[in-house]
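# A look at the structure
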Amino acid sequence: MLSIPDYAYTPFASTYSAGNRMKISTELDQYNTFAENTCISNGVSFISITDITRQGLSNRTLVASDGLHPSETAYKMFTDRIIPKVKMILQD
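So, a few notes on the structure that sits alongside this text. Bear in mind the structure is a predicted one, so any value in this text is a computation, not a measurement.

Below, the discussion takes up the packing of aromatic side chains. Following the criterion strictly, the structure yields three aromatic pairs and no others. Centre to centre, the rings of Tyr 31 and Phe 34 are 6.3 Å apart; their planes meet at 50°, and the pair counts as tilted. In this pair, Tyr 31 and Phe 34 are both assigned in helix H1 (residues 18–41), three residues apart and thus about one turn of the helix distant. A centroid spacing of 5.2 Å and a plane angle of 75° characterise the contact between Tyr 75 and Phe 78, whose relative ring orientation is edge-to-face. Here Tyr 75 pairs with Phe 78, and both are found in helix H3 (residues 72–91), just three residues apart, close to one helical turn. The class for Tyr 75 is partly exposed, based on a relative accessible area of 47%.

Moving on, we get to the environment of Ile 49. Looking at the secondary structure, you find Ile 49 in the loop between H1 and helix H2 (50–53). For Ile 49, a relative accessible area of 2% gives the class buried. Counting along the chain gives 10 residues from Ile 49 to Cys 39, while the straight-line C-alpha distance between them is 15 Å.

Right, let's talk about the side chain of Ser 71 for a bit. Tracing the sequence through the fold places Ser 71 in the loop between H2 and H3. Ser 71 sits in the buried class, given a relative accessible area of 9%. A distance of 3.2 Å separates a polar atom in the side chain of Ser 71 from the backbone nitrogen of Thr 73. If near-sequence neighbours (up to four positions away) are discounted, Ser 71 is found in contact with Thr 61, Leu 62, Val 63 and Ala 64.

A few words on the pattern of salt bridges. All told, the structure shown has five salt bridges when counted by the stated rule. Across the pair Arg 54 and Asp 6 runs a salt bridge, and its minimum N-O distance is 2.7 Å. Taken together, the residues Arg 54 in the loop between H2 and H3 and Asp 6 in the segment before H1 connect sequence positions 48 residues apart. With a relative accessible area of 1%, Asp 6 lands in the buried category. Close ionic contact of Asp 29 with Arg 54 constitutes a salt bridge, the shortest N to O distance being 2.7 Å. In this pair, Asp 29 is assigned in helix H1 and Arg 54 in the loop between H2 and H3, connecting sequence segments 25 residues apart. Its relative accessible area of 34% is what places Asp 29 among the partly exposed residues. Taking the relative accessible area as the measure of exposure, Arg 54 reaches 25% and is therefore partly exposed. Members of the salt-bridge network, linked through shared partners, are Asp 6, Asp 29 and Arg 54.

The rules behind each value
Residues numbered from 1 in each chain as written. Predicted model: local features only at pLDDT ≥ 70, side-chain atom pairs only at ≥ 80, totals over all residues. Heavy atoms only, no water. Phe/Tyr/Trp six-rings, centres within 6.5 Å; stacked < 30°, edge-to-face > 60°. Helix = DSSP H or I, 4+ residues; strand = E, 2+ residues; numbered from the N terminus. Buried < 20%, exposed > 50% of the residue type's maximum accessible area, 1.4 Å probe, protein only. Polar contact = N/O pair within 3.5 Å; in protein donor to acceptor, adjacent residues only side chain to side chain. Contact = heavy atoms within 4.5 Å. Salt bridge = Lys/Arg side-chain N within 4 Å of Asp/Glu carboxyl O.

Rendered as structure tokens:
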């Protein structure tokens, strides 16, 4: 399972107030923590990609041209993080 990307760090959300962006990130952190703990207790792999998406304002190449969704570059970073975990699972 993958964590939820944080869209508060996109040009789309840059028009939101700082408080609203913080609320988005806090709620995503709470959900991702819940999801990760649920995965751990059920033997399901959990991979966080949220930190990658939180670079979206400082590294615009991580955001697609619509200003909201992850770009091809971001998806490559996601898969670079996912593949080693998949390989470990398949070797077990």
